[in-house]
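The lines below spell out each chain.
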Protein chains: 2
Amino acid sequence: MTTSTPGGTTSTQRTRLTPEQRRSQLLDLGVRLLATRSLDELSIDLLAEEAGISRGLLYHYFGNKHDFHEAVVRRAADDLIAQTAPPVDGEPMVRLTTSLTAYVDYVSANYEGYLSLVKAAAGGNETLREIYEEAREALNGRVFRPDAQSEIVPDTPATRLVVRGWSAMTEELVLSWIADPSGLTRDELLEVLASSLLAIMATVPGLPES
Amino acid sequence: MTTSTPGGTTSTQRTRLTPEQRRSQLLDLGVRLLATRSLDELSIDLLAEEAGISRGLLYHYFGNKHDFHEAVVRRAADDLIAQTAPPVDGEPMVRLTTSLTAYVDYVSANYEGYLSLVKAAAGGNETLREIYEEAREALNGRVFRPDAQSEIVPDTPATRLVVRGWSAMTEELVLSWIADPSGLTRDELLEVLASSLLAIMATVPGLPES
DNA sequence: TCACTCTATTGACGCATTTTCAATAACGGA
DNA sequence: TCCGTTATTGAAAATGCGTCAATAGAGTGA
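Residues numbered from 1 in each chain as written. Chains lettered and ligands numbered in written order. Predicted model: local features only at pLDDT ≥ 70, side-chain atom pairs only at ≥ 80, totals over all residues. Heavy atoms only, no water.

### A few points about the relation of the copies chain B and chain A
Relative to chain A, chain B is turned by 177 degrees and slid 0.1 Å along the rotation axis, the superposed coordinates differing by an RMSD of 0.6 Å. As the rotation angle and translation indicate, the two copies are arranged about a two-fold axis. Every residue of chain B has its C-alpha some distance from the rotation axis, and the shortest such distance is that of Gly123(B), at 1.8 Å. Both copies contact each other with a shared surface, as 92% of the interface residues of chain B are interface residues in chain A too. (Least-squares fit on C-alpha atoms with pLDDT ≥ 70 in both. Contact = heavy atoms within 4.5 Å.)

### Observations concerning the pattern of salt bridges
Residues and elements named next belong to chain A. By the definition in use, this model includes 22 salt bridges over all chains. With a closest N to O distance of 2.9 Å, Arg 55 and Asp 45 form a salt bridge. Here Asp 45 lies in helix α2 (residues 44-51) and Arg 55 lies in helix α3 (residues 55-61), a separation of 10 residues in the sequence. The exposure class of Arg 55 is partly exposed, given its relative accessible area of 48%. (Salt bridge = Lys/Arg side-chain N within 4 Å of Asp/Glu carboxyl O. Helix = DSSP H or I, 4+ residues; strand = E, 2+ residues; numbered from the N terminus. Buried < 20%, exposed > 50% of the residue type's maximum accessible area, 1.4 Å probe, protein only.)

### With respect to the domain arrangement of chain A
Residues and elements named next belong to chain A. You can read the domains of chain A as domain 1 (19-68) and domain 2 (73-201). If you average the C-alpha positions of domain 1 and of domain 2, the two centres end up 28 Å apart. Facing the 11 residues of domain 1 at the interface are seven residues of domain 2. Here Arg 75 ties to Asp 28 by a salt bridge, and the two come within 2.7 Å at their closest N and O atoms. Counting the contacts that link domain 1 with domain 2 gives five residue pairs in polar contact (both at pLDDT 80 or more). Sorting elements by how many residues they give to the side of domain 1 that touches domain 2 places helix α1 (residues 19-33) first, with five residues. Across the side of domain 1 that touches domain 2, the residue classes tally to four nonpolar, four polar and three charged. (Domains from an automatic or database assignment. Polar contact = N/O pair within 3.5 Å; in protein donor to acceptor, adjacent residues only side chain to side chain. Nonpolar A, V, L, I, M, F, W, Y, C, P; charged D, E, K, R; others polar.)

### With respect to the protein's contact with DNA strand C
With respect to spatial proximity, 27 residues lie near DNA strand C, and among them Leu17(A), Arg22(A), Tyr61(A), Arg14(B) and Arg16(B) are the closest. In the interface set of DNA strand C, defined as its atoms within 4 Å of the protein, sugar plus phosphate atoms amount to 69%. In the environment of DNA strand C, a phosphate oxygen lies 2.8 Å from a nitrogen or oxygen atom belonging to the side chain of Arg22(A). Within the contact set of DNA strand C, a phosphate oxygen lies 2.8 Å away from a side-chain nitrogen or oxygen of Tyr61(A). The set of elements that each furnish at least two residues to the surface near DNA strand C consists of α1 and α3 of chain A together with α3 (55-61) of chain B. (Near = heavy atom within 4 Å.)

### Quick word on the environment of Glu50(B)
All names here are of chain B. Secondary-structure assignment places Glu 50 in helix α2 (residues 44-51). For Glu 50, a relative accessible area of 45% corresponds to the partly exposed category. For the pair Glu 50 and Leu 26, spaced 24 residues apart in the sequence, the C-alpha separation amounts to 9.5 Å. Apart from the residues lying within four places of it in its own chain, the contact partners of Glu 50 are Leu 29, Arg 32 and Leu 33.

### A closer look at the protein's contact with DNA strand D
Around DNA strand D lies a shell of 27 residues, among which Arg14(A), Arg16(A), Leu17(B), Ser54(B) and Tyr61(B) are the nearest. The contact atoms of DNA strand D, taken as those within 4 Å of the protein, divide so that sugar and phosphate hold 70%. Within the contact set of DNA strand D, a phosphate oxygen lies 3.0 Å away from a backbone nitrogen or oxygen of Thr15(B). For the surface near DNA strand D, the elements supplying multiple residues, two or more each, are α3 of chain A together with α1 (19-36) and α3 of chain B. Counting residues per element, the surface near DNA strand D draws most heavily on α3(B), which supplies five residues. Of the residues that constitute the surface near DNA strand D, the class distribution is nine nonpolar, 10 polar and eight charged.

### Section: the interface of chain B and chain A
Each side of the interface is counted separately: chain B has 37 residues, and chain A has 34 residues. The junction of chain B with chain A conceals about 2,900 Å² of combined surface from both sides, 71% of it contributed by carbon and sulfur atoms. The three residues of chain B that bury the most area against chain A are Leu161(B), Glu172(B) and Thr203(B), which together make up 18% of that side's buried surface. Across the chain B-chain A interface, the total number found is two salt bridges. (Buried area = accessible area lost by both parts, 1.4 Å probe.)

### Some points on the side chain of Thr203(A)
Relative to the assigned elements, Thr203(A) resides in the segment after α9 (186-201). Here Ile200(A) takes part through its backbone oxygen, which lies 2.6 Å from a polar atom of the side chain of Thr203(A). Among residues more than four places away in sequence, those in contact with Thr203(A) are Val192(B), Ser195(B), Ser196(B) and Ala199(B).

### Details of the packing of α1(A) against α2(A)
All names here are of chain A. α2 packs onto α1 with a crossing angle of 120 degrees between their chain directions and a minimal axis gap of 10 Å. With respect to α2, the axis of α1 lies oblique. As α1 packs across α2, the resulting crossing turns out to be right-handed. Contacts between α1 and α2 involve Arg 22, Gln 25, Leu 26, Leu 29, Arg 32 and Leu 33 on the former and, on the latter, Leu 47, Glu 50 and Ala 51. A class-by-class count of the residues in the contact of α1 with α2 yields five nonpolar, one polar and three charged. (Axes fitted to C-alpha atoms, helices over the stretch in contact; angles between N-to-C directions. Parallel < 35°, antiparallel > 145°, perpendicular 65-115°, else oblique. Left-handed = near helix turned anticlockwise from the far one by under 90°.)

### Thoughts on helix α8 (residues 157-179) of chain B
With 23 residues, α8(B) extends 34 Å from end C-alpha to end C-alpha; this agrees with the ideal 33 Å at 1.5 Å per step. The element α8(B) is largely enclosed, with a buried count of 19 among its 23 residues. (Expected span 1.5 Å × (residues − 1).)

### Focus: the environment of Leu100(B)
Mapped onto the fold, Leu100(B) is located in helix α5 (residues 92-109). Beyond its immediate stretch of four places on either side in the chain, Leu100(B) contacts Trp166(B), Thr170(B), Leu190(B), Leu193(B) and Ala194(B).

Right, dumping it as structure tokens:
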């Protein structure tokens, strides 16, 4: 004799949203929660409670915990790329500076979102790393110019490598600076970032004069 | 009727080690296994099987899975610091170069161990990050000189920040270079790393002439 | 205003993995 | 050779992920 009355005495009050609203809510929440915790420190229980939903609903929208994480990271990455797009034309260095400024301001404004992205990259599986790599590549690619000779940096294996390094430095600098801005103003930070790209490039052996 | 004969027919053969030996074995194994998997992809079952022990024993030595992870990361960090210690005296730049060389060679030789350290840092909880921070700090500190005026870089908030950035670049460059060494020889890489530290420092505003 | 349909949402169950703990057996000393 | 200490075990409890049939909001047509 199986009494099947889910809910029991106190019938729970449901709030029914459109799929897009719910999905969006969950992703936003995920970005926030995953900025400070790692994935396995985040229980579905907590997530569901914070969102005010049942555990089951998460599985309706995202297949499982990892897929959810992936979706969260992808949202953070897309957001980053979209909001830091460089201007289509102008002087190369001006374009770079503009893009850099947008990057610094974006990370300042979306510290949590950016952290969930970065953390996922190092800690996570192949897919997560790919999402991060893609975002990183999109940012790095702005340093090179597919067209014309107006590129800031010549495109060789060595410079590709070094730009990766500069990119890592930029990320670390911006995150650390936000955590403790004493020592540099925002503009000084930007100046250091832009100048150091050129300065570092000058140390790479065997490059044609720019 | 509860037959309580653990082991059943085939009595298992135990190998009894001293606590230090066992701890060491488990940590080494952990470093190796966590280089390619993330913590939740590593089951205690697998770990126990690889080590040739029962699941229970792991909990005797390390309280739980996370504590084990922490111990693994701490070992990797200690190892790194010990093996890349700079010479006690000599020209500042020579000491730096020596230490840098040791760093590059260490990461080359211990790619897996270094990866478990780095992955843990970014992906993990507060404690893990602290362990990484500590190691990073120990490495960065070598750029500054607590004594005398023979320091390579003056010690100010701004330079502290920038050295962090340079350090992140170094890590990224070395890891990427190991993954794909085309483009630069080992010596060229070292040259780029050392020179770029100076080059980047030159871009920091408001520093006394060195 | 009232069925009626569609589907967002739920809660309990099944399963895998972690964690606990009393029982067991290897080693060293007398 | 016996004995005590403690490294080690295995089974059972606890915890957390994932599934699924059942439930209830919200719009629609009469």
